[in-house]
Structure formats: C-alpha cells, structure tokens
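Single-letter residue listing:
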Amino acid sequence: MKVIGTLTKDAIIRAAVSEGLTVTQVIGTAVDFDTDTQTYLYASVVHDPDQNKIIIAYRDNGNSNKGTAIVGTVSGTSISFGTPVVFYDGGASGQSDFNSIVYDSSNNKVVISFRGFDGSGSTCQSIVGTVSGTSISFGTAVTFSSDSANYMHSTFDSNSNRVVVVFRDQGNSSYGTAIVGTVSGTSISFGSEVVFESATTSYPQCVFDSSNNKVVVAYQDEGNSDYGTAIVGTVSGTSISFGTPVVYHSARADKNKLAFDSTNNKVVIAFRDNGDNEKGKALVGTVSGTSISFGSTVTFSTSGTRIDYSSLSYNVAAQKVIVTYRQYIDASAVLSSEINEGTVSGTSISFGSSIKFADRADWTASVYDSTSESIVIAFQDYTDSKKGAALVFQSGYSQATGGTIADGKAVIVNANGTVSTISQTAASIGTKSAFNSITSSFLAPVFDSSNNKHIIVYRTQPNMRYVVATVASDGSVSYGTDAVVLSGDHQQIAAAFDSTNNRVVIVFRNGNDSSHGYAMVGSLSGTTVTWGSATEFQNAGATGLGISFDSTAGKVVIGYRGTSNYGRVRVGTVSGTSISFGTEVVFNSASTNKVRPVYDSTNDKTVITYRDDGNSSYGTAIVGTVSGTSISFGSEVVFESASVSHLDAAFDSDNGKVVVAYRDDGNSNDGTAIVGTVSGTSISFGAPVVFDDDGDYGENTDNSMVYDTNAQKILVVYPRTVSGSYSNRGFVFPLSVSGTTVVADTPTNFDGSSYVSYPAISFDSNVNKSLISFPDGANEYANTASFAPLSGNLTSENFVGFMKGAALDGTNGEILSSCSIARNQTSLTPGQTYFVSPTDGSLSTSAGSPSVTAGTAISSTEIIVKG
C-alpha cells in the first residue's frame, strides 16, 4: 500500500500539561481490507459503538460484483479487518449497487440498503446484520420496492428508532422517494413509499437531526434546473411526511453529502457546484419545524477545480466537519485525494488548508469512530490495482486543562474548555439534624424553586404535618416551626411543585374519609405554608399514589389505584390555594399498584410507571399526553417481566431519558434500574442494570429518586437490610445515564447507626445539593424515631470524572479525569485500549458490564485517560 501525505505518525499523542491539552493531527497508514482488484464500489461505512467496530459495505468486483461487508477494528490510528462476508449474491450476472449502511442503536444492528440486480431485473432491498467480534452475520434480505432505484441512501432516526431510506424511483418517473423501515430481530419491515419530490431527482442523501428529531434530505432537483434542494421529513410510526422543498444553491449542484454537527445542532451540506468549475462547496442548514434555512456557501476545495468522490462526517471530539474528496489540481488532470476540516459558527462554516491523504482515492466513504475519537476513511485505491483500503484520520485540536496525576491535580476539561477539579467520587453527606421527635412516616419533601425552600410533608399519628427547610451553601439545614397540615391519620403522601403557579400540591389517602383520595394546595411565605381546603379526586379508597407536574400544560397529574383496583389518572388545575380536576381516565383496566408518574420535558409527555398486578405484577409503563384537563395514553409497555416492588421514576433532562428504579423480586430482590426513551406516545427500554445486589434491596419500604441537574446524576435513596435482619441502613446510590443504560457509581451510607425507613430525597437547584429526609431510630415501631433530614451535594466537581467516563485509580488514590495521564501502571501494551470497572477500578482489555473506557496505553506504565 502506497501512503501519500506529510503526516505519517502512527499514534495519537495527547499531552495533558499545564499549558493545555494538544491532540496532534495524524493520518494513519492505509490498510487493504480486500485485495481483489476493482473491489470497492458503491461503498458505505458505519461505526457500531456497542461492539466498537467499523463496518464497510461494498460491491466486490473481484468476486462477481457481490454485495460484501467487512468488520474493522480501530486501535490508535491503525485499523485491522476480519474476513469479508457476502450479504447479497445475485448470481453470475448479479450485483449490488448504491450500498448504504446505518447503525440501529435501539436494536444494536446494522442495516444495509442496496439495489440488487439478479441478472433479469433490479429491486430495492435491505438486510439486517449482527456484528460479533471481527465478523458479521446477516438475516434475509427484504425487498421494499420492486422498482429499480438510483442514488440510494439511508439514515437512522434515533427518536422513532426507524431506518429511513431515500432513493430515485426509476419505476415512478425517477421521483425522489422515501420509505421507513423497522428492525425486529434479524429482519426489517417497511411502511409505504412516500414521494418527497415529484420530479426527476438525483443524488438524494439524508441525515438525522437529533436536536429537532427530523430527517433532512438534500438532492439535485432536475425538475428545477438541477438546483441544490433540501427538504425536512418527520417520521411517525412507519411513515414519513415532508415539509416544503428549499433551494440551497441556485445552480446545478450534485454529489450531495450531509453531516450533522451535534455540537452546534446544525446540518452541513457539501456538494459539487457545476456552475463554478465543479468546485467543492459547503453550507450550514438550520432546521426549524418542518423547514430548513441556510447560511452562505463557502468553497472547501482549496486548489484545482473539479471534485468527485466526496464524503462528509462530523468529529464530535474535535468539533469539526471532515470532508474528503478527489480533485483535479491542474490542467493536465493530475489528481489528488484530500481532507479538509470545517468549523461551524452560527450559520457559517469555515475551512482551513486541505491535506493530501492519497494520490487517487475513488468511492470514498467516512465515519466518526466515537471510541477512538477519529475518522475512518474507506476508499478504492486507484493507484494500487483499485483495491479496497481504509485509514484512520485524527484531527488536531487543543483545549485548556489544569494538571496531571504527576502534580496531584486531578482535572477535567469540559466541553466548553473550562476546567473543573475532582474532589471525590462519592456524595458528601452533611450532619443529620432532627426537627421533630414525633414518630413519622410517608415522608414527602418537595423543593419550592420560587422560594428556594424545601417543604417536607409527613404523617404522624394522629396528624399530617409539614416543616420548611432551608439548605445553606455549606450544607447546613435550618427549619421553620413544624405545624399541622390536616388533623387525622393520612397516609401515602406524595408532593409536587407547580412552577406555573408557585404552589406545592400534595396528594394523600384521607384517613378521615375511608382512605379516599384527596389533594391540597399550599402557598409558601417565609417558613410558613398556607394550605387550601382538601379536595377529593377519588370517591373511593385510593392507594399507590403518585404525582408529577407537566410544566408545559401547567397541570399536575395524579396517578393512583382506585375503583376496582384499576390504574387511574386525573389532571389537576391549581388556582390560588384551590385545585380542580378533569375527568378520571383509566390507563390500566386491571389491578394496579405503585403508580409513579414522571414528566418528560423533552417530549412533553407524562410517563406512568407502575406494577401491573393484573399481569403477574410486572413492571410496566405507559405514555400520556395532557390536553386541557384530560390525558390520553398510548399502549402499555412491560419493562420488567417479573414481579417488581418499591419502584420510583425520575427524568434525566440532560439525556432526555426516564429512569425507573425498582426491586426485582424475580432476581433475588436486587436493586435494579432501567432507562426508558419516549417516542411519540410510546416508550422503549434498554436492558435492566442491577445497581445493588447486596442484601434485600428496599426491604419493607419504598425508595425515592431525584435528578441532580448539576452533577447530571440520578440519585436513588433506600434502606438496605443488613444481614437479613431488620437493621436497615440508609444508602444513596448515584446512577449515570449512558445511551439506553445506566452506570452505577459507588453508594454512600448516609446513616449507618440507626434504623432507616421511608427515606425521601429532593434536589435543591439553588445550592446544588440534595436533601435526604427519613425517620431515624433504632426501632421505628417503638415510637423512638426522630425525623432527621440530611443535606449532601453531588456537584460537577464531585462526579465529573465519572460523568466523562474517566475513572481510574491514580498513584495516590486520586480520580483521574479526561486527558490526564495515569502513570505508574504495570504491564500495559502500548496502543491497547483499556476499560475500567466503576465498581472496583480494575482494568481490562475488554468492555464488561458495567464498564467505561479508561483510555489508551502510550507505554507499559502510562494511560492517556479518555474524555
């Protein structure tokens, strides 16, 4: 393999020094992945982040034009390959063209869409592939259009978990057409074809805009003077609808390529401008609703004129758009294949000088490898018998940092270049302080963000009481005078804060009225709450109560088990210190318990999580949409096919995910968490993760959850039974969302000396600390428990190392952070990627469960910690 270029280092050099972090620009050595001549045509490449592999799909001319795929492994700036696998064999005269590969992150599968020719005719087909090690296996190809197609391309819509394919439909006047595919197991099914351009369409390409949950298609509109045109599509179920086409270049524009800049939430289009000597140009698109607008066009081909065989990808780590292309650099048709890097700012993009990576690279495709934080470029090496080849390109960039393990300063480089110091890896717990010696239960703390106070409502015998707590920046807690909310024995109290009206709303079983469901509204002034009248929402016994606040609709949503033990919901409207309710809605016509609603502000939906006693007590969820004073629901989804108990839910607003924690009664009562992703009126779940298998999780009492927006952690508090007895001890367990799973950090024992039950937690966004409230006593049932809130903080400084996936024991027990160097390790292999267990800090060369990437060894004793 002949390598052309001025940068030939084979390793990425990262220096974490006081002056800053520098990542050196490197072009790795090109490696043949198929030694057949003329092997690589109509190619596409994708990264499988779950297997940490690169997959290339191509037509192998050296093997009867068969559709072929191969798996690559990146290590540093090198890449190696497994054995090619045929995914389409059209016979002696057959071939696969316009191959386009995407990764389905909801099913951990790759999908290749292509035009298959069997010697007599062509059809549009897709096939599902499963990566295992360095190989790939395939299901059966599925035909989604019996017509022949040109210029096929695909993308994955991670919002709807659907594959979208766009193509020129030769059987329908060459119109621009799209279709939506759904993967199930090793197969794929499709909805109906949708025309997005009723004219001859060439070079359609598509990309998913994850910030707007839209599919953007760019193409050459031959029905409109070959102008460069774009259109925005919205996937719903198994179909897609489109807005109005927008011209982005009023001249002939072809060879369109698209990438999504996830840092700036912009779509970038690169194309060949036939109105200007076929130069390579690019521009930035901004999606709004079902339309898209564009900034100015800039030229990226810095020398020569005509470009061809381009590709476009986005390097998340470097925050650069990477374009590759072949161009004619002089009148004698001397060719050069080059790389240029673009930086998006607002609605503009700028490019630097291009870099030569080969004499002549045809059929170029590229993808971002999020594990190595580099770009993999696959191409047909015209100067080497047209063999298929690939190389790794590492962008060069710099960021500020603040030290290394050598000087005892564990540091993190944030995305904006600022520096945080890691002080510890577990919650810092303040000193507990009692405010009432009365035996207490059913604690319901809530944070009033308009007054920066916590209102803690709780049950005593015989009254329901409250106290107002103020958490100071140093973690100390002061209280107002506790007082009676309502006389009588009221149970199963839950609370939410209505930020539209700045009121706290509580729901409870009214012990004065046969345990019917009631609600009350409180208005805080100083450390005193004025309560309105108790209002009935369930004229029968109510249990399993939960409440959330829909900030878009300005309504509270109350979930409960009511008449006939059915799962029921009512929407409440606060006015002053009163509350009124819409019509009751049944979401589960079977025995229901532990109803916990949570508001998903990303999708404007309320997710109801519950135990479905009518279905073997399985853990179940359903998505609701509030409209006016009512709520409508999608279909129920089981997230745990076993009996569950003690469940609660919280919403991670940074990742846009619902997290449910529960005791898995079907798995040794282990504490378990699962991540849910809302799409439309449905929700899908990742795999359950055990976060506590020590003792009987949550024995006899419920857990409580909250999202710490500062540390970006879900915090679960619960009592852990010690040695199989009733010696419950209080623990707080941080969980980090990563994709569709959670990673559990080290738990903290917040009270190891007393019996703990009914712990509850509320997050104080004013001081970025969480308040843990619980009855405190060696024997709660002997009426000796006192009510003792604690305040503890989980700040970005405390947990940012884990947040960045960069936990690694240092020489003196420090926690290292992104871009620092871990020294004094032993027996490391330079260039090898290592993984670290968040539970015990052990290193391994394979990703376990759970584990995070520690970094890459640069010597036998040093690792550069991954950011």
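Coordinates for the structure precede this section.
Residues numbered from 1 in each chain as written. Predicted model: local features only at pLDDT ≥ 70, side-chain atom pairs only at ≥ 80, totals over all residues. Heavy atoms only, no water.

> Got a minute to help me understand the packing of aromatic side chains in this structure?
Think of a pair of aromatic rings as described by two things: how far the centres are apart, and how the planes are tilted against each other in angle. Overall, the coordinates contain 28 aromatic pairs when judged by the stated rule. Note on Phe-300 and Phe-351: the rings are 5.7 Å apart at their centroids and 50° apart in plane angle, and the pair reads as tilted. Pair noted here: Phe-300 is in the loop between β27 (298-299) and β28 (307-315) and Phe-351 is in strand β31 (residues 348-351), with a separation of 51 residues, a long-range link. In this structure, Phe-300 and Phe-351 share a single accessibility class: buried. Their ring planes at 55° and their centres at 5.4 Å tell us that Phe-639 and Tyr-662 sit as a pair that is tilted. One end of the pair, Phe-639, is in strand β58 (residues 637-652); the other, Tyr-662, is in strand β59 (residues 657-664), and 23 residues separate them in sequence. With respect to burial, Phe-639 and Tyr-662 carry one shared label: buried. (Phe/Tyr/Trp six-rings, centres within 6.5 Å; stacked < 30°, edge-to-face > 60°. Helix = DSSP H or I, 4+ residues; strand = E, 2+ residues; numbered from the N terminus. Buried < 20%, exposed > 50% of the residue type's maximum accessible area, 1.4 Å probe, protein only.)

> Please clarify how the pattern of salt bridges should be interpreted in this entry.
Two side chains bearing opposite charge may form a pair once their charged atoms approach each other closely. Overall, the coordinates contain 22 salt bridges when judged by the stated rule. Notably, a salt bridge pairs Arg-465 with Asp-482, separated by 2.9 Å at the nearest N-O pair. Residue Arg-465 is located in strand β42 (residues 463-471), and its partner Asp-482 is located in the loop between β43 (477-479) and β44 (483-487); the two are separated by 17 residues in the primary sequence. Asp-482 matches Arg-465 in its accessibility class, with the two residues each being buried. Salt bridges here are not isolated pairs; linked through shared partners, they connect Arg-252, Asp-254, Lys-255, Arg-272, Glu-278, Arg-306, Asp-308, Arg-326, Arg-360 and Asp-362. (Salt bridge = Lys/Arg side-chain N within 4 Å of Asp/Glu carboxyl O.)

> Where do I start with the side chain of Ser-395 in this structure?
Along the chain, Ser-395 falls in the loop between β35 (387-394) and β36 (397-399). One polar contact links Ser-395 to Glu-341, side chain to side chain, over a distance of 2.6 Å. Setting aside residues up to four positions removed in sequence, Ser-395 forms contacts with Val-23, Thr-24, Gln-25, Asn-315, Ala-318, Lys-320, Ile-322 and Glu-341. (Polar contact = N/O pair within 3.5 Å; in protein donor to acceptor, adjacent residues only side chain to side chain. Contact = heavy atoms within 4.5 Å.)

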